[in-house]
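Listed below are the residues making up each chain.
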Amino acid sequence: MASPASADTTGKAAAKGDKSLASVLLADKGKFDHNSKDFDVLRSAVLAVLKEKPKSPVGVLTKGDTALTAFLPNDHAFRVLVKDITKAHKLPSEKAAFKAVAGLGIDTVETVLLYHVVPGATLSSKAALKSDDAVLKTAQGGTVKLNVSLRYPKVGFHLIDADKSDKNARVIGVDVNKGNKQIGHVVDRVLRPVDLP
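Residues numbered from 1 in each chain as written. Predicted model: local features only at pLDDT ≥ 70, side-chain atom pairs only at ≥ 80, totals over all residues. Heavy atoms only, no water.

(A) Just helix α3 (residues 40-52), in detail. Here α3 spans 18 Å end to end across 13 residues, near enough to the 18 Å set by a 1.5 Å rise per residue. The complete set of buried residues in α3 reads D40, V41, L42, R43, S44, A45, V46 and V49. Those residues of α3 hidden inside the fold are in contact with α2 (21-27), β1 (68-73), α4 (75-86), α5 (94-102) and α6 (106-114). (Helix = DSSP H or I, 4+ residues; strand = E, 2+ residues; numbered from the N terminus. Expected span 1.5 Å × (residues − 1). Buried < 20%, exposed > 50% of the residue type's maximum accessible area, 1.4 Å probe, protein only. Contact = heavy atoms within 4.5 Å.)

(B) Quick look at the pattern of salt bridges. Counted by the stated rule, this structure contains ten salt bridges. The closest approach of N and O atoms between D18 and K181, which form a salt bridge, is 3.1 Å. Of this pair, D18 sits in the loop between α1 (12-16) and α2 while K181 sits in the loop between β6 (169-176) and β7 (182-187); the two residues are 163 residues apart in sequence, bridging distant segments of the chain. Between D163 and R192 there is a salt bridge; the shortest N-O distance is 3.3 Å. (Salt bridge = Lys/Arg side-chain N within 4 Å of Asp/Glu carboxyl O.)

(C) Just the packing of α3 against α6, in detail. Following both chains from N to C, one finds α3 and α6 inclined at 120°, their axes separated by 10 Å at the closest point. Looking at the two axes, α3 sits oblique to α6. The way α3 lies across α6 gives a crossing that is left-handed. Along its contact with α3, which presents L42, A45, V46, A48, V49 and E52, the element α6 presents I106, V109, E110 and L113. Taken together, the residues of the contact of α3 with α6 break down into eight nonpolar, no polar and two charged. (Axes fitted to C-alpha atoms, helices over the stretch in contact; angles between N-to-C directions. Parallel < 35°, antiparallel > 145°, perpendicular 65-115°, else oblique. Left-handed = near helix turned anticlockwise from the far one by under 90°. Nonpolar A, V, L, I, M, F, W, Y, C, P; charged D, E, K, R; others polar.)

(D) Examining unusual backbone geometry more closely. In this model, K87 sits at a positive phi of 60°, which is unusual for a non-glycine residue. Note that K87 resides in the loop between α4 and α5. Relative accessible area serves as the criterion here: at 55%, K87 is assigned to the exposed category.

(E) Representation of α6 in the model. When we look at burial in α6, the residues that qualify are V109, E110, V112, L113 and L114. In this structure, the buried residues of α6 make contact with α3, α5 and β2 (117-119).

(F) Inspection of the environment of V194 at higher detail. Turning to its location among the elements, V194 is positioned in the segment after β7. Separated by 32 residues in the primary sequence, V194 and A162 have C-alpha atoms spaced 5.4 Å apart.

(G) Representation of a nonpolar patch on the surface. Residues L129, L150 and V155 make up a contiguous nonpolar surface patch of roughly 290 Å² in combined accessible area. When you line up the elements, L129 lands in helix α7 (residues 125-129). (Patch = residues over 30% accessible without salt bridge, like charges linked within 9 Å, V, L, I, M, F, W, Y side chains within 5 Å. Areas by Shrake-Rupley, 256 points an atom, 1.4 Å probe, with all protein chains shown as cover.)

On their own, these measurements won't tell you what the molecule is for.
Here it is in structure tokens:
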């Protein structure tokens, strides 16, 4: 994946602030690999939804002129999700994780993706620091709560989702696509819009 603050080669998109998060996700053209820190499963899930449902609200990720904040689960996050919901003893491969997620049905995948998008606001890490306990309304219609923990010398961000029985997502990378109307933050868990076993 491109570095979080990188501009496109023309510089025009970044200068206007209209570079979409989808273009960042698509910059890494790699297939499923062994790099758990990139976004192969997320990219594949977004593309699968848009292929089946071209008018899906997930398409907002391609509209760089529309302000939003997205929480971006890396490949490891999806592997952990699949391990949890299948009660497996070990993490699946990225390819197996995507297959399992896709097997939930395109509507479920769409719902989960939209639960990671907060429309209408570009919430940078600097703004998030001042937003402890903020309740963020997602494009899916649910909410996630932002929890800021200050443990000197580090600041931690956690997202409390609708699933009360799972471990909350931790923000492990900030300000992806900085300087644009669409900004993302990398999370180590997939946010769950419903309570899963």
